[in-house]
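Structural overview
Here is how the chains run, residue by residue.
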Amino acid sequence: MDGGGIIMAKGPDDMSASSSAPDRVLPLPARRFSDAERQALYDIIAERRDVRDEFLPDPVDPAALRRVLEAAHLAPSVGFMQPWNFILIRDAARRAAVHQAFLRANDEAAALFPEDKRDTYRSLKLEGILKAPLNIAVTCDRDRCGPVVLGRTHNAEMDLYSTVCAVQNLWLAARAEGLGVGWVSIYREDELRAVLGIPDRVRIVAYLCIGHVDRFYTAPELALKGWRQRLALDDLLMEDGWQADKAATAG
Ligand SMILES: Cc1cc2c(cc1C)N(C[C@H](O)[C@H](O)[C@H](O)COP(=O)(O)O)c1[nH]c(=O)[nH]c(=O)c1N2
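Reading the values: rules and limits
Each chain has its residues counted from 1, following the order in which its sequence is written. Note on the predicted model: pLDDT of at least 70 is required for a residue's local features to be given, and 80 or more for side-chain atom pairs to be given and counted; whole-chain, interface and lining totals, by contrast, use all residues. Values reported for side chains reflect all heavy atoms of the structure, with hydrogen atoms and water molecules removed beforehand. UniProt positions are given in the numbering used here, feature names are shortened, and annotations may be inferred rather than shown by experiment. Helix and strand labels come from DSSP, where a helix needs a run of H or I of at least four residues and a strand needs a run of E of at least two; each type is numbered from the N terminus. Each residue is assigned to one of three classes by its accessible area relative to the maximum for its type, calculated with a 1.4 Å probe on protein chains only: buried under 20%, partly exposed between the two thresholds, exposed over 50%. We call two residues contacting when some pair of their heavy atoms lies within 4.5 Å. Charge counting follows a simple rule: Lys and Arg are positive, Asp and Glu are negative, and His as well as the terminal groups are ignored. Charge placement uses NZ in Lys and CZ in Arg. For Asp and Glu, CG and CD serve respectively. Ring pairs shown here join Phe, Tyr and Trp side chains whose ring centres sit within 6.5 Å, with only the six-membered ring taken for Trp; geometry is labelled stacked below 30 degrees between planes, edge-to-face above 60, and tilted in between. The rule for a charge over a ring is simple: NZ of Lys or CZ of Arg within 6 Å of the ring centre, and within 35 degrees of the ring normal. In these notes, residues near a molecule or strand are those with any non-hydrogen atom within 4 Å of it. What qualifies as a polar contact is a pair of N or O atoms within 3.5 Å, subject to a donor-acceptor requirement within protein and to the restriction that residues adjacent in sequence count only when both atoms come from side chains. All residues other than Ala, Val, Leu, Ile, Met, Phe, Trp, Tyr, Cys, Pro, Asp, Glu, Lys and Arg, Gly among them, are scored as polar; the first ten of these are nonpolar and the last four charged.

The chain is annotated in an unreviewed UniProt entry as 5,6-dimethylbenzimidazole synthase from Cereibacter ovatus. Quoted verbatim from the Sequence similarities (unreviewed entry) field of UniProt, the annotation for the chain is "Belongs to the BluB family." Looking at the chain in UniProt, the text filed under Subunit (unreviewed entry) is "Homooctamer."

Here it is, written out as structure tokens:
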């Protein structure tokens with residue numbers, strides 16, 4: 001990538017690009033997106049789904065995977081820390097070990113739901129670890145920039161939130177490529193860390209199953225299967241401060 005639209009000017013009359021340290025850095029005029037381009041973005045956001053069971057066995061197209069990972073890597077991050085790594089897991093034995101960790105945690109999770117919800121919980125497919133041809137662990141290296149990071153001093157979790165931004169970019173780009181992504185969070189992190197050889201300072205932010213699909217649900221599977229419905233946006237909007245009455249109705 002080049003300077004990303006940055007004009008590096010040596011002085012008020014010199015607008016030529018320069019590789020030396022700039023005196024001033026100016027943004028370029030904002031690019032306008034057409035109605036169709038804008039709509040495509042909103043469609044991708046609306047039609048992104050968490051995919052668990054629709055994965056086709058075909059290997060993920062390497063060029064599409066690269067574009068998706070590039071999109072993830074363009075995410076914002078606190079202090080431009082870019083704390084993420086993307087661990088691509090194709091090996092069947094490694095995925096089988098992750099799946100075992102899922103099964104153990106899923107039993108623990110199921111036991112915590114009240115009896116009337118437990119059967120429904122058990123009926124839900126909550127991962128595609130073995131069915132998807134590729135799994136990706138997205139990690140956050142908390143030490144990447146040393147102990148003091150611009151923007152993280154008073155809010156220590158900002159590097160984790162930054163990594164989530166990368167996950168969302170990945171998820172949306174994958175949808176644009178016709179790739180399904182499912183996020184699995186039912187595991188004990190230490191078990192996964194051991195399976196993947198991840199050091200203690202590095203957090204596993206997301207474990208993703210990814211693969212080509214030829215169908216997507218039109219709404220969240222959890223909604224279609226009666227687990228929980230989407231809240232009304234208007235019930236979540238607050239003006240100028242916390243509104244306790246609104247919080248009470250959101251459920
Ligand atoms: C942080 C996090 C963690 C998980 C999820 C999501 C996120 C953001 N989701 C997917 C989740 O159920 C899904 O996003 C919602 O139900 C909404 O559906 P769509 O993503 O819109 O299809 C998810 N799904 C699942 O089947 N097993 C899981 O362990 C998880 N874990």
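Additional details are given in the paragraphs that follow.
Some thoughts on the overall build of the chain
From N to C terminus, the chain includes eight helices and six strands. Reading the chain from its N end, one meets helices and strands in the order β-β-α-α-β-α-α-β-α-β-α-β-α-α. Overall size of the chain, expressed as C-alpha extent along the three principal axes, is 70 × 50 × 40 Å. For the chain, the residues scored as buried account for 35% of the 251 residues in total. Partitioning the contacts of the chain with sequence separation of at least 6, the portion at a separation of at least 24 is 72%. The distance from the centre of the 32 positive side-chain charges to the centre of the 37 negative ones in the chain is 3 Å.

Comments concerning the packing of aromatic side chains
Counted according to the given criterion, the structure contains four aromatic pairs. Ring centres 5.9 Å apart and planes at 50° place the aromatic pair tryptophan 171 and tryptophan 183 in the tilted group. Of this pair, tryptophan 171 sits in helix H5 (residues 158-176) while tryptophan 183 is found in strand E5 (residues 179-184), placing the two residues twelve residues apart along the sequence. Given the relative accessible area of 10%, tryptophan 171 is considered buried. When its relative accessible area of 25% is taken as the criterion, tryptophan 183 is described as partly exposed. By way of ring pairs, the aromatic residues Phe113, Tyr121 and Trp227 are connected into one cluster. Across from the ring centre of tryptophan 171, 4.4 Å away, lies the NZ or CZ of arginine 48, which sits over that ring. Sitting over the face of the ring of phenylalanine 216, arginine 175 holds its NZ or CZ atom 3.8 Å from the ring centroid.

Looking at the UniProt feature "domain: Nitroreductase" (unreviewed entry) in the chain
When the UniProt feature table is mapped onto this chain numbering, "domain: Nitroreductase" (unreviewed entry) sits at residues 45-212. Along residues 45-212, the helical share is 43% and the strand share 18%, with 18 Å between the first and last C-alpha atoms.

Comments concerning the site of the ligand
Inspection of the region around the ligand gives Arg48, Arg49, Asp50, Arg52, Leu126, Trp183, Val184, Ser185, Ile186, Pro220 and Leu222 as its neighbouring residues. Leucine 126 places a polar main-chain atom, nitrogen or oxygen, 2.9 Å from a nitrogen atom of the ligand. Between the ligand and serine 185 there is a distance of 2.8 Å, counted from a nitrogen atom to a side-chain nitrogen or oxygen. When the residues that make up the shell around the ligand are grouped by side-chain class, the tally is six nonpolar, one polar and four charged.

Notes on the environment of valine 195
Its location among the elements puts valine 195 in helix H6 (residues 189-196). Given a relative accessible area of 21%, valine 195 falls into the partly exposed group. In sequence terms valine 195 and valine 98 are 97 residues apart; their C-alpha atoms lie 7.0 Å from each other. In this view, valine 195 contacts Arg94, Ala97 and Val98; residues no more than four positions away in its chain are not counted.

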